[in-house]
Amino acid sequence: MKLTEQIRFYALIMWSLGLSAVMIDSFSFSIVEERASFSYLFFIAAFLLLAWAEKRQYSTRVYIYRIHDIVIYSPLKYFLIYFLWVSLFSPFTENPIKSILFALNGWLSLFTVAVSAHLLFCERSSDLISLLPKQFSFSFKIFNLILCFIFINLIFHLFFPQLPFPQMIRKQFDLFLFFIIGLPFLIWDLLKMSRKFANSFLVATNIILGLGLITLLSSKIFYLGPIFAIFLIICLTLYKRVKQRKALIALLVISSASIGVPLLFITFGPEKLLRIPELLRVQQVIETKLLVEWKPAFANLLQSKFMGSGIGVVEGRGVWARVLVDSGVIGFLLYLCFYGSLAKALLLVRRSSRVVASNVALISLLVFIVIVSHFLDNPYSAWIWVWYAIWTVLGSTHRKKDLGVSR
């Protein structure tokens, strides 16, 4: 293996380790009264290794051109403008140091997580961008292995808290949000008849454990995420495989069953399946986090004359309420443009002759926008940037290209 290929492979390992560490909230450190994930160390290492490999394979000037194309000709350009806006506004907020650090974290995430993902998982030619499936499969396998380990670790601590195992996850709420966004990808890989990105038994185990833990620990609102994801997958399957005239009746019957049965169980079933103290404690924490208040957001927006109070200055939950408070109407519109541009890119890719995974990425994006986005503690955290990176990668690739680990 040539040195440049080895460097890219080590960068892939670093990015995959970052993807794993981002789910383990105990791997974090404190900075300005906030928690930062150690996963950034892996993402930074991946970005630096890729910069070295790009310079060896091309040149510094061509490498800069490639980064320019990734950012400017993708939905990421709206995040570029957003963080430019909040960076200029940061010194004039009530807490300039915190605002500047949040803005720098945004720049860091944009390049080390999102841009690195494009350099790792995409092959860019003069007229086409293609997905490198072996690299994507490698990270997906790491994701499944770590996710299974985290679920098992959480189960042991819920039912056997006296055991001397270290607790890897304390923010179960964020773990479930992360799982719900990734659930369409897990179901998609499990149902694929052709090449699979991960072992089917491992993927099925993660689906069962994740849905089981959500049933045990979450409130009724939290069930809407998996139900909505399954509903969209059914709709997609019917759209692709059933004739158009018969699709409407079949869609109504199957979707009604897939949504109605779980809702009946949730409504008339037992409120708490088990009365284990640790389960009840986690349930209470999750239920308090599901309360999203819009009145404080609008009050802060009016007080700042629609300019925003500054990124990271005011506490809030949810992408929309938090961004509205942080960066005002301008930042809110830029976020809307990002999601709109991303959805458009995924829709355009699915019309190409050799679609990769844009359909399932679009479902994952819709699950995030409709359900998950309203409950995020921090819309700038590393774990959500992983999904931004994956969505934009799949929104730009028009076909698969099996080139192994090198390019």
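Source: prediction; values computed, not measured.

J.: Honestly, the overall build of the protein in this entry has me stumped. Any pointers?
T.: Tallying secondary structure elements over the protein gives 15 helices and five strands in all. When contacts within the protein are restricted to residue pairs at least 6 apart in sequence, long-range pairs at least 24 apart make up 76% of them. As presented, the protein carries roughly 19,100 Å² of accessible surface, and 68% of it is formed by carbon and sulfur atoms.

J.: Hey, could you run me through helix 14 (residues 358-370) in this one?
T.: Because the α-helix completes a turn every 3.6 residues, residues three or four places apart line up on one side. Between its first and last C-alpha atoms helix 14 spans 18 Å; for 13 residues at 1.5 Å apiece the expected length is 18 Å, and the two agree. Along helix 14, the positions that sit buried rather than exposed are S358, N359, V360, A361, L362, I363, S364, L365, V367 and F368.

J.: How should the environment of K98 be read in this particular structure?
T.: Residue placement: K98 occurs in helix 5 (residues 96-121). A relative accessible area of 8% places K98 in the buried class. For the pair K98 and G310, spaced 212 residues apart in the sequence, the C-alpha separation amounts to 9.1 Å.

J.: Would you mind showing me how to read the nonpolar core here?
T.: Soluble globular proteins: nonpolar side chains tend toward being buried together. Judged by nonpolar contacts, the single largest core of 109 residues is most densely connected at W15, F185, F368, Y388 and W391. With 13 residues, the top contributor of residues to this core is helix 7 (residues 172-191). Residues contacting Y388, with those up to four places away along its chain left out, are F79, Y335, F338, Y339, F368 and P379.

J.: When you look at the pattern of salt bridges in this model, what are you seeing that I'm missing?
T.: Two side chains with opposite charge may pair up if their charged atoms get near one another. One pass over the structure, following the stated rule, counts three salt bridges. Between E54 and R8 there is a salt bridge; the shortest N-O distance is 3.3 Å. Placement of E54 in helix 2 (residues 39-57) and of R8 in helix 1 (residues 3-21) is noted, with a sequence separation of 46 residues between them. The residues E54 and R8 share a single accessibility class, namely buried. A salt bridge links D326 to R322, with the nearest nitrogen and oxygen atoms 3.2 Å apart. Here D326 pairs with R322, and both are found in helix 13 (residues 319-349), just four residues apart, close to one helical turn. Comparing D326 with R322, the two get one shared label, buried. A cluster of three or more residues bridged by salt bridges with shared partners is formed by R8, E54 and R66.

J.: Would you take a moment to explain the side chain of H118 for this structure?
T.: Summarising the element assignment, H118 is placed in helix 5. Not counting residues within four places of it along the chain, the set of residues in contact with H118 comprises I70, L76, R124, A389, T392, V393 and S396.

J.: Where do I start with the packing of helix 6 (residues 133-159) against helix 8 (residues 200-217) in this structure?
T.: Packed helices, taken two at a time, are described by the angle their axes make and the gap between the axes. Contact geometry for helix 6 and helix 8: axes closest at 10 Å, N-to-C directions at 40°. Where helix 6 crosses over helix 8, the handedness of that crossing is left-handed. Counted together, F140, N144, L145, L147, C148, F151, I152, L154, I155, L158 and F159 of helix 6 and L202, V203, T205, N206, L209, G210, L213, L216 and L217 of helix 8 form the full contact between these two elements. Partitioned by chemical class, the residues of the contact of helix 6 with helix 8 number 16 nonpolar, four polar and no charged.

J.: Can you walk me through the confidence of the model for the protein in this structure?
T.: Predicted coordinates in regions of low pLDDT should not be interpreted in detail. The predicted model of the protein has a mean per-residue pLDDT of 77, with 73% of residues at 70 or higher. Looking at the elements of the protein, mean pLDDT is at its lowest for helix 10 (residues 244-268), recorded as 51, and at its highest for helix 2, recorded as 91. Within the model, the stretch residues 268-274 combines pLDDT values under 50 with twelve contacts to residues more than four positions away or in other chains. In the predicted structure, residues 402-407 sits below a pLDDT of 50 and forms 19 contacts with residues beyond four places in sequence or in another chain.

J.: I keep staring at the packing of helix 7 against helix 8 and nothing clicks. Help me out?
T.: Where helix 7 meets helix 8, the closest approach of the two axes is 10 Å, and the angle between their N-to-C directions is 145°. The element helix 7 and its partner helix 8 pack so that their crossing is left-handed. Taken together, the residues of helix 8 that come into contact with helix 7 (itself represented by F176, F179, I180, L183, L186, I187, D189 and L190) are S200, V203, A204, N206, I207, G210, L211, L213, I214 and L217. Split into classes, the residues belonging to the contact of helix 7 with helix 8 amount to 14 nonpolar, three polar and one charged.

J.: What is the right way to read the environment of I64 from this model?
T.: Counting through the fold element by element, I64 comes out in helix 3 (residues 60-72). Residues I64 and E54, ten residues apart in the sequence, show an inter-C-alpha distance of 9.4 Å.

J.: Could you clarify how one ought to interpret a nonpolar patch on the surface in this entry?
T.: Residues I97, I100, L101 and L104 make up a contiguous nonpolar surface patch of roughly 350 Å² in combined accessible area. Checked against the element boundaries, I97 lands in helix 5. On the basis of relative accessibility, which here comes to 58%, the residue I97 falls in the exposed class.

J.: Honestly, the side chain of S139 in this entry has me stumped. Any pointers?
T.: Locating S139 in the fold gives a position in helix 6. The exposure class assigned to S139 is buried, which follows from its relative accessible area of 4%.

J.: Would you take a moment to explain helix 4 (residues 76-89) for this structure?
T.: Its 14 residues place the ends of helix 4 20 Å apart at the C-alpha level, agreeing with the 20 Å of an ideal helix rising 1.5 Å per residue. Every buried residue of helix 4 is listed here: L76, F79, Y82, F83, V86 and F89. Looking straight down helix 4, one finds that the buried residues subtend no more than 140° of arc, so they occupy a single side.

J.: Sorry if this is basic, but what is going on with the environment of I363 here?
T.: Note on placement: I363 falls in helix 14. The residues touching I363, leaving out its near neighbours within four places in the chain, are P184, A229, L232, I233 and L236.

What counts and what doesn't
Along each chain, residues carry numbers from 1 onward, in the same order as the chain's sequence is written. In keeping with the model being predicted, local features are shown solely for residues with a pLDDT of at least 70 and side-chain atom pairs are shown and tallied solely at 80 or more, while totals for entire chains, interfaces and linings include all residues. Each side-chain value is derived from all of the structure's non-hydrogen atoms; neither hydrogens nor water enter the calculation. Put simply, DSSP marks the helices as runs of H or I at least four residues long and the strands as runs of E at least two long, and each gets a number from the N terminus on. Between two residues, a contact is recorded if the distance between any of their heavy atoms is within 4.5 Å. Only the protein chains shown count as cover for residues, with accessible areas throughout obtained via the Shrake-Rupley method and a probe of 1.4 Å. Expected span, for any helix, means 1.5 Å times one less than how many residues it has. A 1.4 Å probe rolled over the protein chains alone gives each residue an accessible area, and that area as a share of the maximum for its type sets the label: buried under 20%, exposed over 50%, partly exposed in between. Definition of nonpolar core: a set of buried residues of the types Ala, Val, Leu, Ile, Met, Phe, Trp, Tyr and Cys, connected through side-chain atoms within 4.5 Å. When a carboxyl oxygen of Asp or Glu lies within 4 Å of a side-chain nitrogen of Lys or Arg, that pair is called a salt bridge. Structural elements are reduced to axes, namely lines fitted to C-alpha atoms, with helices fitted over the stretch in contact, and the angle between N-to-C directions of any two is expressed from 0 to 180 degrees. What makes a crossing left-handed is the near helix being turned counterclockwise from the far one by less than a right angle; a clockwise turn instead makes it right-handed. Any residue that is not Ala, Val, Leu, Ile, Met, Phe, Trp, Tyr, Cys, Pro, Asp, Glu, Lys or Arg is counted as polar, Gly included; the first ten are nonpolar and the last four charged. Values of pLDDT, the confidence the predictor places in each residue, fall between 0 and 100. Patches in this entry comprise residues that are over 30% relatively accessible and not in a salt bridge; like charges within 9 Å are linked, as are nonpolar side chains (Val, Leu, Ile, Met, Phe, Trp, Tyr) within 5 Å. Here the arc refers to the directions that run from the helix axis out to each C-beta atom.

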